[in-house]
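# Observations on the model geometry
The residues making up each chain are set out below.
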Amino acid sequence: AQTVTQSQPEMSVQEAETVTLSCTYDTSESDYYLFWYKQPPSRQMILVIRQEAYKQQNATENRFSVNFQKAAKSFSLKISDSQLGDAAMYFCAYRSAKGGSEKLVFGKGTKLTVNP
Amino acid sequence: DTGVSQDPRHKITKRGQNVTFRCDPISEHNRLYWYRQTLGQGPEFLTYFQNEAQLEKSRLLSDRFSAERPKGSFSTLEIQRTEQGDSAMYLCASSLYLDRGYGYTFGSGTRLTVV
């Protein structure tokens, strides 16, 4: 079974600075998808960025980028120019690309605090 | 389209009572998922539907839990004889079959407290 590990329960960053959230995963599959989701307090979970395992190029979405290291099974999220609105729980998630397997496997999350 | 809607937002129930939650997915999404999130944890998969067919169930989904999606649109999740361990946030999400790599759209969840 696949597992996702987020080793940083909490992180903090100063507004306008850069922060990196760590995620490692364990799988025997070669084709899969990885995601970072953001969950603000009392609000719905929102997809931040996704990565297909077969793509070597790291995904970027505006201020958000990932460092995908397939051999190391590492998938970190970098947030540049942090804003107060980035404060939230961030979850790393894995999804198999195998047909018939639809579930997302989540890590325990990292709580990000942005200090003004 | 207003996204994925869940009702109610909060539910407090006494142990032993039955509760039912509703999820309305994005209208064109044919896949619907239920997850459970306890405090300090990431969401855990419970079950998913493609149209009205329930295609996968987690071992977390005990006999006291049942989910339906009768017409391939909204879904209900019922918990019978609730226990304190059922206290959690129940999240619904939906996706379009062809967009397998695009993640899901989540609802805001139903927070269940069993007293």
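Rules used in this analysis
- Residues numbered from 1 in each chain as written.
- Chains lettered and ligands numbered in written order.
- Predicted model: local features only at pLDDT ≥ 70, side-chain atom pairs only at ≥ 80, totals over all residues.
- Heavy atoms only, no water.
- Contact = heavy atoms within 4.5 Å.
- Buried area = accessible area lost by both parts, 1.4 Å probe.
- Salt bridge = Lys/Arg side-chain N within 4 Å of Asp/Glu carboxyl O.
- Helix = DSSP H or I, 4+ residues; strand = E, 2+ residues; numbered from the N terminus.
- pLDDT = per-residue confidence, 0-100.
- Phe/Tyr/Trp six-rings, centres within 6.5 Å; stacked < 30°, edge-to-face > 60°.
- Buried < 20%, exposed > 50% of the residue type's maximum accessible area, 1.4 Å probe, protein only.
- Lys NZ or Arg CZ within 6 Å of the ring centre and 35° of its normal.

A few words on the interface of chain B and chain A. Each partner contributes to the interface: chain B provides 21 residues, whereas chain A provides 23 residues. Summed over both partners, the interface of chain B with chain A buries about 1,900 Å², with 46% contributed by carbon and sulfur atoms. Applying the counting criterion to the chain B and chain A interface returns zero salt bridges. Of all the secondary-structure elements, those providing two or more residues to the side of chain B that touches chain A are strand 4 (31-37) and strand 5 (44-50) of chain B.

It is worth spelling out the confidence of the model for chain B at this point. Summarising the model, chain B shows a mean pLDDT of 91, and 94% of its residues fall at 70 or more. Averaged pLDDT values for the elements of chain B fall to 91 in strand 6 (residues 53-57) of chain B and rise to 98 in strand 3 (residues 19-24) of chain B.

A separate point is the packing of aromatic side chains. This model, assessed by the stated rule, comprises 19 aromatic pairs over all chains. Seen in terms of ring centroids, Tyr35(B) and Phe45(B) are 5.7 Å apart; in terms of plane orientation they differ by 75 degrees. Their pairing is edge-to-face. Placement of the pair is Tyr35(B) in strand 4 and Phe45(B) in strand 5, with a sequence separation of 10 residues. By relative accessible area, Tyr35(B) is classed as buried at 0%. Among the aromatic residues, ring-to-ring pairing joins Phe35(A), Tyr37(A), Phe91(A), Phe106(A), Tyr33(B), Tyr35(B), Phe45(B), Tyr48(B), Tyr104(B) and Phe106(B) into one connected group. In this structure, Arg22(B) is placed above the aromatic ring of Phe74(B), and the distance from its NZ or CZ to the ring centre is 3.9 Å.

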